[in-house]
Amino acid sequence: VQLQASGGGVVQPGGSLRLSCAASGRTFSTYAMGWFRRAPGKEREFVAAIARGGYITYNGEFVKGRFTISRDNAKTTVYLQMNSLKPEDTAAYYCAADPGISGSSLQVADAYDYWGQGTQVTVSS
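Residues numbered from 1 in each chain as written. Predicted model: local features only at pLDDT ≥ 70, side-chain atom pairs only at ≥ 80, totals over all residues. Heavy atoms only, no water.

A. Quick peek at the state of the cysteines. Tallied over the full model, the rule gives one disulfide. A disulfide bridge connects Cys-21 with Cys-95, and the sulfur atoms are separated by 2.1 Å. Across the S-S bond of Cys-21 and Cys-95 the torsion is about 60°, and the bridge reads as right-handed. Residue Cys-21 is located in strand β3 (residues 17-23), and its partner Cys-95 is located in strand β9 (residues 91-98); the two are separated by 74 residues in the primary sequence. (Disulfide = S-S within 2.5 Å. Helix = DSSP H or I, 4+ residues; strand = E, 2+ residues; numbered from the N terminus.)

In structure tokens, the structure reads:
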């Protein structure tokens, strides 16, 4: 599967962005989808994931109700709605996919086999 992330940009603190990740292939509905991010000088970190059955998990340290992940299997696209953005959310955001993971593995970057290119999110006044 090939993944194409989009929707990044520059936004002021408190603003919103919606990231999209379009996937190729007709088996999208069978894939778990995740979002990760990497800020300059920092390790890649888990943001959110949605399993093929609809189970959703977020990074509890910083999401805190601000982000919402969703998927549209008909459009083979996963979304990340980000509200109340903060400067510390500035990072390159990556989507990832894998057909065989669930549960706690959804938060593990190495568990995903397929990755899209990053889309840059910059939160700045």
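Following the structure, the description resumes.
B. Spotlight on the nonpolar core. Core analysis: the biggest nonpolar cluster contains 29 residues, and Met-33, Trp-35, Val-47, Phe-67, Leu-80, Met-82 and Tyr-93 have the highest contact counts within it. For this core, the secondary-structure elements that each account for two or more residues are β1 (3-6), β3, β4 (32-38), β5 (45-50), β7 (67-72), β8 (77-82), β9 and β11 (119-123). Apart from the residues within four sequence positions on either side, Val-47 is in contact with Trp-35, Phe-36, Arg-37, Tyr-58, Asn-59, Phe-62, Val-63, Phe-67, Leu-80 and Tyr-93. Counting residues in hydrophobic clusters, the runner-up holds 10 residues, among them Ala-32, Phe-46, Ala-49 and Tyr-112. (Core = buried A, V, L, I, M, F, W, Y, C linked by side-chain atoms within 4.5 Å. Buried < 20%, exposed > 50% of the residue type's maximum accessible area, 1.4 Å probe, protein only. Contact = heavy atoms within 4.5 Å.)

C. Region of interest: the environment of Ala-23. By the secondary structure assignment, Ala-23 is in strand β3. Note on Ala-23: relative accessible area 8%, which makes it buried. As for Ala-23 and Ala-111, which are separated by 88 residues in sequence, their C-alpha atoms are 18 Å apart. Not counting residues up to four positions away in its chain, the partners in contact with Ala-23 are Val-1, Gln-2, Leu-3, Phe-28 and Thr-76.

By themselves, these figures tell us nothing about what the structure is for.
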